[in-house]
Amino acid sequence: MGELTPMMKQYLSFKEQHPDKIIFFQVGDFFEIFFEDAVVAARAMDVVLTTRDSNKRNPIPLAGVPIHAADTYLNKLLGQGFKVALCEQVGETAAQGGLVRREITQILTPGTVTDPQMLEESKNNYLAVISSLPGGTGGYYGLAAVDVSTGDFRINEWSGEDALPLLGDSLLQLQPAESICCSPEAAQQLRPYLEPQGLSAAPYEFSAGTPRVKKILEKQWGETLWEELSLSRYPAATAAAAAALEYLKGLQHPARGKHFRNLELSLAGGWMPVDGITARNLELTRTLREGKRKGSLLDMLDHCLTAMGRRLLCRWVEQPLLEKNLIEERLEAVEELRLDPLLRGKVRDELKHLLDLERFCSRLCSGRVNARDLVGLKETLERIAPLARLLDSCRAALLQSLRQLPDFSAITGRIAAVLVDDPPAQLREGGLIRDGCNEEVDRLRSITSDGRGWLLQFEKKERHRTGIKSLRVGYNRNFGYYIEVTRPNLELVPRDYTRRQTLVNAERFITGPLKEMEEQITGAREQLVQLEFELFEALREKVITEVPLLQAAAVQLARLDCLQSMAEAAERYRYCRPRFSEKGEIRIKKGRHPVVERNPGERFVPNDLTMDDKSSVLIITGPNMAGKSTYIRSAALIGLMAQIGSFVPAEEAELPLFDRIFARVGASDDLSRGLSTFMVEMQETASILKEATSRSLLVLDEIGRGTSTYDGMSIARSVLEYIGRRIGAKTLFSTHYHELTNLEEELPGVKNYTMAVREKGKDVLFLRRVVAGRSDKSYGVNVARLAGLPAEVLLRAEAILAELETAASRDRVRQLSLLPFVPKRPREDGSAGKILGKLEELDLNRFTPLEALQHLHELQQLLFEDDGADSEGED
Ligand code: ADP
Ligand code: MG
């Protein structure tokens, strides 16, 4: 490589300090990136990769971007998960013989960005900081979730044997843009939770002694905080918070944490914990397949008009409430807004125009707000009072509380008094400050504008004096003011003119008085621009002192937006207000699935669901595609929506207050995860059996399906027995194991339901109606016909099915597997293969019916030979 230049040595010394970051190294008007980073970054930013010192033997790879356009490129890198350190020139350029002094001025990471272009409006952008401490059983795990763009700062802590999965669930819910972990062991333990989600936690060194942690937190939130929140009880959570603050400090974020209003302890605080699997299966905030917001429950409820509202609504959906009065409070407000479309319309009209105050505050504290933004803030704040007035006559407590939105007239008055109505985006070109606001500004302005008058006057005078009609006074950046005289008139130029510039057709001159005036005007202009900037900064500082109030208003406005959004959904989709019963009964009349009912195409058929205090398990059988999954998920979604404080998709709904709602899906519905799906399915089931109580709602969709028929059925049955006998949770269980319907007679509280179908010739028509009783056929063959299998295959399948059914009923085993034409249980000893082989050899066209029966009999014998070995204990 040869000898490196001093500048490259300087670069490498920075790179050594920040090996995991791409260094944006300022060279004049460019940021340059060198060596391997250049190769990586050039590809990521889609810029040309060049070289430095290209005539040397081993030129250094180089990628460069102009500083004025750097944001775009930074965003590209951050969007792809890179971290970037800005290394800027500071102090005098090229002082002391050559090398410019440079410093790392800011570090940008995906979890700490505040640039609106980088952020998704309706989503929080979390940095997750994980800590772990030894002690107790299995240690303590702490999590700090920080959204630098909104000032949201929350911590949580877990201990005991479930600590790790609970932390994993939290991370899943947060979907952090960036995670760091203070303990290498915890990072290792968390991998199985994070990796499948494409998340990973970078190591971060932080020594968490209590005195240090306490000091860091007190510095941020004041001395009383520690006692107020009894923080000494949460060593891991506070360590994570302190680590987060230290990490952010290290990044030299320009907001300096000024906008982290509160430290919020979210220690299972009144929320229903919704585990990650349930959230996924019910598609609460993202769809299962594509992970998109569109098509999720959140998407149905989201008619918010502000970004703050959208983010809060997401939290509401992820954190259903447990306390009845809090839920009723929301319902009350939703109902009032629903019943008054006029009021709702007006509220929506106002909300539509509001700035994202939360993110505004973080940009404000980072010094990234210009005069236009402040005028925008004023316009938003001016809408608050009328909005509060709109809610004046509301009865719902949550709407009433909105009337107490802070009064911002002082600050809006100040902004209006200082800034012009439509200021320029640039802060250093003047034109910001209103006339009459500041005497000095007015004086300097009058000099510059008087100057203009003087110049006109001067031009007139000089024309008169010299007799040159075409004489012109002008200004240019490089030469300042000048008098221009065209070539033919040059002999008329008086002696006191001094030449400044020669053009092709003219000469430009200056005179003493013009020079003097020039100095006055440019001096005044420079002063004016500087003074305007200072006044703007003073105003900005003043507004920063209002941040706590602005943030308080943001919270209230977000809440109003969520409430009106749920009212809007209730109206549009004809939802009803749920009622909560103390008796532990579920009575849903004409319930629907909030998402499936919106699908275009088939008209949605509503269904009732009734479970009195004595019934605990509903077993739902029915052919594939009949609507089992949809039916049981509707119930779970209705339960969740009710506890979110939303209206629900039904004509009437009476529900108990659930302590938890779980949804699990049998493994074969979830091939996307690969690997030992059955193992996963069983782990997921195990976690429910541990955590569910008699006040929980369980929705189990074909559990036991991930293994062979008999295993699966046995497990399904014992799980149901356990739930029925031990837990008593309200359970909806869909299955294709028809044998399970026998439980109705054996276990009190179990009821059978089935999806009604009508046979039309050989076709099956799904009625989508849930009726009491059991289905006696699985209609697999009929469904296969619907799916378009060739006629020959269907014919064979039917014949085999008929035989199997007779055989089975003779044997009192009413096994109807998902694919009835495949032997009940694949056998490793190859007898299945034997049967299939024989089937294959048969030439049907040459058989009489009698011969066919004969052959079937033989096949059956083969089957029974094998079954005999392990048929005991099956009924
Ligand atoms: P299963 O679980 O019994 O195989 P699903 O619940 O997955 O059936 O439903 C299959 C499809 O039938 C769904 O994707 C949906 O389009 C439709 N469907 C289900 N329930 C209804 C209903 N009540 N009304 C209308 N269409 C429905
Ligand atoms: Mg299903």
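Residues numbered from 1 in each chain as written. Chains lettered and ligands numbered in written order. Predicted model: local features only at pLDDT ≥ 70, side-chain atom pairs only at ≥ 80, totals over all residues. Heavy atoms only, no water.

Visitor: How should I be thinking about helix α20 (residues 547–572) in this particular structure?
Guide: Note: α-helices contain 3.6 residues per turn, so residues at a spacing of three or four share the same orientation. Spanning 26 residues, α20 covers 36 Å between terminal C-alpha atoms, matching the ideal 38 Å at 1.5 Å per step. α20 sits mainly inside the fold: 19 of its 26 residues count as buried. The first or second residue beyond α20 is arginine 574, which carries a positive phi of 55°. (Helix = DSSP H or I, 4+ residues; strand = E, 2+ residues; numbered from the N terminus. Expected span 1.5 Å × (residues − 1). Buried < 20%, exposed > 50% of the residue type's maximum accessible area, 1.4 Å probe, protein only.)

Visitor: Hey, could you run me through the sheet that holds strand β14 (residues 480–486) in this one?
Guide: Adjacent strands of a sheet form backbone hydrogen bonds with each other and so pair up, either parallel or antiparallel. The four strands are arranged β13-β14-β16-β15 in an open sheet whose pairing can be described as antiparallel. Each edge of the open sheet is held by one strand with a lone partner, namely β13 (472–476) and β15 (498–502). Strand-to-strand twist in this sheet, taken as the mean axis angle between neighbours without regard to direction, amounts to 40°. Bridging between β15 and strand β16 (residues 506–510) involves four bridges; their strand directions are antiparallel. Along β16, the bridge assignment pairs threonine 498 with isoleucine 510. Running over the sheet, helix α19 (residues 512–544) touches β13, β14, β15 and β16 and is turned about 140° from β14. (Pairing = 2+ DSSP bridges. Axes fitted to C-alpha atoms, helices over the stretch in contact; angles between N-to-C directions. Contact = heavy atoms within 4.5 Å.)

Visitor: Where do I start with unusual backbone geometry in this structure?
Guide: Both trends apply: most residues other than glycine have a negative phi, and most peptide bonds are in trans. The backbone phi angle of arginine 574 is positive, close to 55°, even though this residue is not glycine. Here arginine 574 is to be found in the loop between α20 and β17 (579–580). Its identity is not glycine, yet glutamate 702 carries a phi of approximately 55°, on the positive side. Considering the arrangement of structural elements, one finds glutamate 702 in the loop between β23 (697–701) and α23 (709–727).

Visitor: Looking at this structure, I do not really get the side chain of lysine 15. What am I missing?
Guide: Positionally, lysine 15 belongs in helix α1 (residues 6–17). The residues touching lysine 15, leaving out its near neighbours within four places in the chain, are Lys21, Ile23 and Asp37.

Visitor: Would you explain the sheet that holds strand β8 (residues 140–147) in this entry?
Guide: Read from one edge to the other, the open sheet built from six strands follows the order β11-β10-β7-β8-β9-β12, with strand pairing classed as mixed. With partners counted over all chains shown, the strands left at the sheet margins are β11 (201–203) and β12 (264–265), one partner each.

Visitor: Hey, could you run me through the pairing of strand β1 (residues 22–27) in this one?
Guide: Each regular strand shows side chains that alternate between the opposite faces of the sheet. For β1, a buried count of five out of six residues is recorded, marking the element as mostly surrounded by other parts of the structure. Relative to strand β5 (residues 84–89), β1 runs parallel, the two being bridged by four bridges. Within β5, the position partnered with isoleucine 23 by the bridge is alanine 85. Judged from the three bridges that link them, β1 and strand β2 (residues 30–34) form a sheet pairing that is antiparallel. By the bridge assignment, glutamine 26 is partnered in β2 with phenylalanine 31. Linking β1 to β2, which pair antiparallel, is a turn of two residues; within it glycine 28 sits at a positive phi near 65°.

Visitor: Help me understand the confidence of the model for the protein in this model?
Guide: The predicted coordinates ought not to be read in detail in places where the model reports low pLDDT. Chain-level pLDDT for the protein is 87 on average; 91% of the residues reach the 70-or-more range. Confidence drops under pLDDT 50 across residues 812–828; counting only partners more than four residues distant or on other chains, this segment forms 43 contacts. (pLDDT = per-residue confidence, 0-100.)

Visitor: Can you help me understand the site of ligand 1 in this one?
Guide: Close to ligand 1 lie 14 residues; Val605, Met625, Lys628, Ser629 and Thr630 are nearest. A distance of 3.3 Å separates a nitrogen atom of ligand 1 from a polar side-chain atom of glutamate 602. Contact between ligand 1 and valine 605: a nitrogen atom at 2.8 Å from a main-chain N or O atom of the residue. Surface burial for ligand 1 is 80%, taken as the share of its 560 Å² of free accessible area covered by protein chains. Among the elements that take part in the shell around ligand 1, helix α21 (residues 628–644) stands out by supplying three residues, more than any other. By residue class, the composition of the shell around ligand 1 is six nonpolar, four polar and four charged. (Near = heavy atom within 4 Å. Polar contact = N/O pair within 3.5 Å; in protein donor to acceptor, adjacent residues only side chain to side chain. Areas by Shrake-Rupley, 256 points an atom, 1.4 Å probe, with all protein chains shown as cover. Nonpolar A, V, L, I, M, F, W, Y, C, P; charged D, E, K, R; others polar.)

Visitor: In this structure, what is going on with the environment of valine 719? I would like to understand it.
Guide: In this fold, valine 719 is placed in helix α23. Exposure remark for valine 719: the relative accessible area of 7% places this residue in the buried category. Placed 16 residues apart in sequence, valine 719 and isoleucine 703 show a C-alpha to C-alpha distance of 9.0 Å. Excluding residues that lie within four positions of it along the chain, valine 719 makes contacts with Thr685, Leu689 and Leu700.

Visitor: Just checking my understanding: could you explain the packing of aromatic side chains for this structure?
Guide: Here the distance between the centres and the angle between the planes together describe a pair of aromatic rings. Summed over the entire model, instances satisfying the criterion amount to 12 aromatic pairs. Ring centres 5.5 Å apart and planes at 85° place the aromatic pair tyrosine 11 and phenylalanine 25 in the edge-to-face group. Of this pair, tyrosine 11 sits in helix α1 while phenylalanine 25 sits in strand β1, and the two are 14 residues apart along the sequence. Residue class for tyrosine 11 comes out buried when judged on its relative accessible area of 1%. Ring geometry for tyrosine 11 against phenylalanine 34: centres 4.8 Å apart, planes inclined by 90°, an arrangement best described as edge-to-face. Of this pair, tyrosine 11 sits in helix α1 while phenylalanine 34 is found in strand β2, placing the two residues 23 residues apart along the sequence. According to the relative accessible area criterion, phenylalanine 34 is buried, its value standing at 0%. (Phe/Tyr/Trp six-rings, centres within 6.5 Å; stacked < 30°, edge-to-face > 60°.)

Visitor: So what exactly am I meant to see when it comes to helix α12 (residues 324–339) here?
Guide: Over its 16 residues, α12 runs 22 Å from end to end, which matches the ideal 22 Å to within 8%, given 1.5 Å per residue. By the burial criterion, the buried members of α12 are Ile327, Arg330, Leu331, Ala333, Val334, Glu336, Leu337 and Arg338. On its buried side, α12 packs onto α11 (307–318), α13 (341–351), α16 (397–401), α20, β17 and α21.

Visitor: I keep staring at a nonpolar patch on the surface and nothing clicks. Help me out?
Guide: There is a patch of nonpolar side chains on the surface, built from Val39, Val40 and Leu49 and spanning about 200 Å² of accessible area. Note on placement: leucine 49 falls in the loop between α2 (35–45) and β3 (50–52). Judged by relative accessible area, which is 41%, leucine 49 ranks as partly exposed. (Patch = residues over 30% accessible without salt bridge, like charges linked within 9 Å, V, L, I, M, F, W, Y side chains within 5 Å. Salt bridge = Lys/Arg side-chain N within 4 Å of Asp/Glu carboxyl O.)

Visitor: I would appreciate a short explanation of the nonpolar core in the present structure.
Guide: A general feature of soluble globular proteins is that nonpolar side chains tend to end up buried together. Core analysis: the biggest nonpolar cluster contains 110 residues, and Leu374 and Leu419 have the highest contact counts within it. When residues in this core are grouped by element, the largest group, 13 residues, is from α20. Sequence-distant contacts of leucine 374, defined by excluding residues within four places in its chain, comprise Phe360, Leu364, Val369, Ile415, Leu419, Phe536, Leu539, Arg540 and Val543. Formed by 47 residues, the second largest nonpolar core is a distinct cluster that contains Ile180, Tyr204, Tyr234 and Phe260. (Core = buried A, V, L, I, M, F, W, Y, C linked by side-chain atoms within 4.5 Å.)

Visitor: What is the right way to look at the packing of α13 against helix α15 (residues 371–390) in this model?
Guide: The description of two helices packed together rests on the angle between their axes and the distance between the axes. Interaxial distance between α13 and α15 falls to 10 Å at its minimum, and their mutual angle equals 165°. Taken together, the axis directions place α13 and α15 in an arrangement best described as roughly antiparallel. Handedness of the α13/α15 crossing: left-handed. Here Leu343, Lys346, Val347, Glu350 and Leu351 of α13 lie close against α15, whose contacting residues are Arg383, Leu387 and Leu390. Looking at the contact of α13 with α15 residue by residue, the class counts come to five nonpolar, no polar and three charged. (Parallel < 35°, antiparallel > 145°, perpendicular 65-115°, else oblique. Left-handed = near helix turned anticlockwise from the far one by under 90°.)

Visitor: It is not clear to me how the pattern of salt bridges should be interpreted in this structure. Could you clarify?
Guide: Where charged atoms from two side chains of opposite charge approach closely, those side chains can pair. Counted by the stated rule, this structure contains 62 salt bridges. Residue arginine 383 is joined to glutamate 350 by a salt bridge in which the shortest nitrogen-to-oxygen separation is 3.4 Å. Here arginine 383 is found in helix α15, whereas its partner glutamate 350 is found in helix α13, with 33 residues between them in sequence. Ionic pairing is found between arginine 768 and glutamate 602, a salt bridge with its closest N-O pair at 2.4 Å. Taken together, the residues span a long stretch of sequence, with arginine 768 in strand β26 (residues 763–772) and glutamate 602 in the loop between β18 (586–591) and β19 (607–611) at a distance of 166 residues. Salt bridges sharing common partners tie together Glu121, Arg293, Asp302 and Arg310.

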